[in-house]
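This is what each chain is made of:
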Amino acid sequence: MLGYAIKRLGLAVAIVSLAMFLLFCMIYLVPGDPASVALGPRATDEMKEALRLRMGLDQPIWVQFWNFFSGAWTGNLGQEVLSGRPVLNVVMEQLPYTLALIAGGISWSVALGIPLGCWAAINRGSLADRLVGILSVAVIAVPSFVIAIYALLVFAVTLQWLPAIGAGEPGDLGDQLIHLILPSLAVGLGWVGYIARMVRASMLEVLEASHIRTARAFGLPERMITYRYALTIAILPTITLLGVGIGQMLSSAVFAEIVFARPGIGKLVYDAILTRNFPLVSGAVLVTTVIFVLLNLVADLIVGALDPRVRSSL
Amino acid sequence: MTVLSITDLNVTFQTEARAFHALKNVAFDVPQKSIVGIVGESGSGKSTLINAILGLLADNARIDSGSILFEGQELTRLDKAAMRDLRGPRISAVFQDPMGALNPVLSVGEQMRNIQYRDGRSAAEKDARSVEMLDAVRIPDARLALGRFPHEFSGGMKQRIAIAMALMMRPGLLIADEPTTALDATLEVVTLDLLKDLQAQIGCSVLFISHHLGVIAELCDEVAVMFSGEVVERGSTQAVFETPQHDYTRRLLECDPANQRARTRRLPTMQDAPGSFVPVPATPPPERPADAIPLLRVRAAEVTYRTGPMFRRRSILGVSGVSFDLHAGETLGLVGESGSGKSTLARATARLEAISGGSIAFQGAPIHGRGAAEMKRLRRDISMMFQDPIGSLSPRMKVGDLVAEPFRIHRVADVDLAAETTRLLSLVGLGPEFADRFPHQLSGGQARRVGVARAIALDPKLIIADEPTAGLDVSIQGEVLNLLNDLRERLGLAMIFITHNLNVVRHVADRIAVMYQGRFVEVGAADEIFRAPQHDYTKTLLSANLAGPGRPA
Amino acid sequence: MSEAASSPPVSPAATSDPWRALRRLLREPLGVFGLALVTVVMLSAVFASVLTQYDPTQISPRDRFLPPSGAHLLGTDQLGRDLFSRVLHGGQVALYVALVSTAVSLVIGIVLGLIAGYGPRWLDNLMILLFDTMKSFPTVMLALALVTIMGPSLTAVMVVVVLVNVPGYARIIRTQTIAIKTSEFVTAAQSMGASNARILAVHIVPNVIGPLVILASMDIPVVIAIEAGMSFLGLGVRPPTPSWGSILNDGFTQIRDTPWIAIAGGLPIIITTLGFTFLGETLRDVFDPRLKGRS
């Protein structure tokens, strides 16, 4: 297990390093002069020169890369162009809002998806099964920002059941949770579908396995077979899927934050692009990538801990 | 006193297109404390019968009529809950696949505790009972085994644990569905002995399903022979095997290569009228001058593998220090259990695998280290047949294209491909209409014939056949072996025949090499090896070789 | 009882007979429904200029914010442009992006996947690392980073789609190639002396390409979502050009007073994604049931 964890961690470090490299290439090498891009067309030559010095753009490329790379690993993502504050601080201020949104999305998808998938698998071929199947596909298909806007229109604007904008009063947990309902549903609804499908498919596969037949031949009660013998196996691919899904939820979160005017990383990057706040964009992209890789790692380690086969073979 | 009595049982499967009558008027009894065998080839309805008794028939299956009387209860009329209460304490089962028989994510201890869920005892008492059962099936360190997971045990151990679980509640009837088919011969014997001991100890009856006549003869008191959903013959094992009444039984017995004591170059098949078969003595390989260069000369061949996790990678010797000669027209049988290195050696001989030491020479010239053009030339002379008859055919190509593939690969331009394909197909007993079929539309035996046709397409000098009859029913196995023997004689081919089945190899091979842990432990004339084995491992293998009925093992 | 009859890693499924598959598709209500939706969307995009007499970019200040009516089926937006016409013409943009970028992703994905699966081990490891890295940028972040460099454009959208799709496609092809590479029928071909080129072309590609094309067709809704999403954020098509995403954005800013603009932008997205998904799901079940449950 320890060897497995180390190996996975090594892979995560490699992925983050490569991501930094790609980000560096993208932002520093492709567009020509980042200083003019950052400052816009109306900047004077002196302003550009000053910014170039400050960003270290006068140095050879490999020095620039090394500065970027070593800085990034130690948490130094540079300074924001306008206020001069460290990028990391700005990003970290917004991070909790986005994480709360994603946690909400995961909660919806797990709380609804697993029981629905399980129920559909047990009642395979029934009308309920077909209905769950069609609904799952439908919520997967429709993009999250369309769901967000329609949800806003129906529940906040027309029915006025739930608040439309903001993240709620700071310090008031209840208010914050109420503000979280619609955005997290928009983020998680598609994943309810994904997880229901996945659980159903892997449940059906596991229920066909010969050890389930053996368990039946020993007369074990159907409930024990379903939940203890089958679901414990069927849940494993779902956890891996969720790990990957967090990347998509991060994407949906950007839209949800914009639609519901919530603070968060997505809103931050979006505004940064509009104001050409360059280091902030790359810093925030890097932080989300790291989070995504980390959560993926966590998902894999959970699977490793739950599945004795993985635990000992790796 | 009978434990199980089945009369006039009829079961139908309703598929989308049609109804399929899977069991037709099946009737037999299982007396108390006896072992009853059920014999039948694939598709005979054995599995449906088991599921009907266990109350585990699929949703689209229906019991039309008949009765299953178990310990005085009519099972066909029991509801699901009552049936479940019988399973475990009264009827239990062990199935074929030892790898998948146990739940992979639950510990052995938990699985054994769960089986005792009806008993109101404490977990510690249940564990004690589990340990008792594991001891009974000779699992070492039974108490520690409770905390382990199934993948930590070997296939044979897993099957023994499954038996322990099945007998845990001391059932009146154990259904054993090919429980040893997937095990190597030596393990098979151990497992069968154990099963017999436990049956006597617990005093239950066993319904033993197998396609292996030798196992049935060894183990069962009574036997029922099934053919396409019917029980065609039943009676005491001795009576059925010695004086079979039904045509099917007689042919089945004749077809078992184990029942042909003398080496014969033609085995009986289902097409032969029962009783009409006359053994044909094998022709000895052609005389050759003493100084002839062997077709294949293998000297101290060694194949190394690197496996294991990233930081603990180690080298494993797959084959080590193997030497032999093979002359034109001669057949070498390569025998050994799974993992003994047979297939690795075969792959190295065809240069599908690199050797890490020694040499392999074909017609006097080493095969490793050849250039691409020379290598391609060699591929015409050596052709290979693989284990899985259907899986070794490219799934999206038609039979005609598959058979013609060697001509295309080697750009043989001066032949009429269509005519050549038809000729090759007829050579292996397939009509020209097969050319338009896809591999998944073929039966195992037909696919095997296509494989043979392809292997002989370019007149090779050596055929390497890796388990060419594994997984085929006995009747089809005979046909394929006859075909190979015919072609070999007509075309003067040399052959390396790899198998784990000793009864098969003696009818095919002139010489036999016994492989164990990557080495040849014994090489000799086929009859010699059977008559007077020298090496200990060969002796074990032979004593584990359950011979056919009517012949002392 | 067959110990050797392991199933081949490729399905022998009904791909050999497309007409039978089509007939089976037409027996599935969901598939017919999906096909109908897709047909409607396709036709209305192709014949957009026949179906409406309004120019999608024609500004008429007098007609601002008109609710749906006989003259303007879906109403008008803040510049007085006819929304029905904008929706139809927006469909052209969406379908163009979807088809072109999916085709490009498929070609690149197949080539890279074959290289990774059939090439040397170190190259495979390197490419897998690259694919995993590409996949660990959340789509939106990738789009945002890219647009900062390239500027918003239709090309930027297509580059994002290709970058998002290719790693997944290449991985699928790689996995399948590796599974098939060690299967007996490929070993058999090697033992007959077939060259690597022949093995790839005759034995591997035909067996890996079918499932991927089906999976890619099921990704079309994702591509449409990416285009609409980027246009919604102002990162896709440039303003006067109609796009469902930009209509949605126009409507979103006015959602309290004129909700029909947002509805007009969202409906075609819902109809198209649902149509392609239902069609794709049914096609997959009909052609290759083994892919079921794969995401």
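Description of the structure in this document.

Definitions and cut-offs
- Residues numbered from 1 in each chain as written.
- Chains lettered and ligands numbered in written order.
- Predicted model: local features only at pLDDT ≥ 70, side-chain atom pairs only at ≥ 80, totals over all residues.
- Helix = DSSP H or I, 4+ residues; strand = E, 2+ residues; numbered from the N terminus.
- Buried ≥ 20, exposed ≤ 12 C-beta atoms within 10 Å, placed from the backbone.
- Contact = placed C-beta atoms within 7 Å.
- Rg over C-alpha atoms; globule rule 2.2 N^0.38 Å.
- Nonpolar A, V, L, I, M, F, W, Y, C, P; charged D, E, K, R; others polar.
- Pairing = 2+ DSSP bridges.
- Axes fitted to C-alpha atoms, helices over the stretch in contact; angles between N-to-C directions.

**Thoughts on the overall build of chain C**
So, point 1. Looking only at helices and strands, chain C features 11 helices and 0 strands.
So, point 2. Put simply, chain C runs from its N terminus to its C terminus through helices and strands in the order α-α-α-α-α-α-α-α-α-α-α.
So, point 3. Counting all 295 residues of chain C, 54% fall into the buried class.
So, point 4. Once local pairs closer than 6 in sequence are excluded, the contacts in chain C between residues at least 24 apart make up 70%.

**A closer look at the overall build of chain B**
So, point 1. Tallying secondary structure elements over chain B gives 19 helices and 20 strands in all.
So, point 2. What you see for chain B is a C-alpha radius of gyration of 26 Å, in line with the 24 Å of a compact globule of 553 residues.
So, point 3. Taken along its principal axes, the extent of the C-alpha atoms in chain B is 75 × 55 × 45 Å.
So, point 4. Counting all 553 residues of chain B, 49% fall into the buried class.
So, point 5. A separation of at least 24 residues holds for 68% of the contacts in chain B among residues at least 6 apart in sequence.

**A look at the interface of chain A and chain B**
So, point 1. The partner chain B presents 25 residues to the 21 residues of chain A that form the contact.
So, point 2. By residue number, the principal contributor to the side of chain A that touches chain B is helix α9 (residues 210–217) of chain A, which donates 7 residues.
So, point 3. Taken together, the residues of the side of chain A that touches chain B break down into 10 nonpolar, 6 polar and 5 charged.

**Regarding the sheet that holds strand β7 (residues 173–177) of chain B**
Residues and elements named next belong to chain B.
So, point 1. Judged by pairing direction, the sheet is mixed, and its 6 strands sit side by side in the order β6-β7-β8-β3-β9-β10 without closing on themselves. Edge strands, defined here as strands with exactly one partner in the open sheet, are β6 (91–94) and β10 (230–236). Between one strand axis and the next, the sheet turns by 20° as a mean value, whatever way the strands run.
So, point 2. Relative to strand β8 (residues 205–210), strand β3 (residues 35–39) runs parallel, the two sharing 5 bridges.

**A short note on the interface of chain C and chain A**
So, point 1. Across the boundary between the two partners, chain C contributes 37 residues, which contact 43 residues of chain A.
So, point 2. Only α5 (121–135), α6 (139–150), α9 (196–232), α10 (244–253) and α11 (259–287) of chain C provide two or more residues apiece to the side of chain C that touches chain A.
So, point 3. In terms of residue class, the side of chain C that touches chain A is built from 23 nonpolar, 10 polar and 4 charged.

**A closer look at the environment of Arg87(B)**
So, point 1. One can find Arg87(B) in the loop between α2 (80–86) and β6.
So, point 2. Taking the C-alpha atoms as reference points, Arg87(B) and Gly55(B), 32 residues apart in sequence, are found 8.8 Å from one another.

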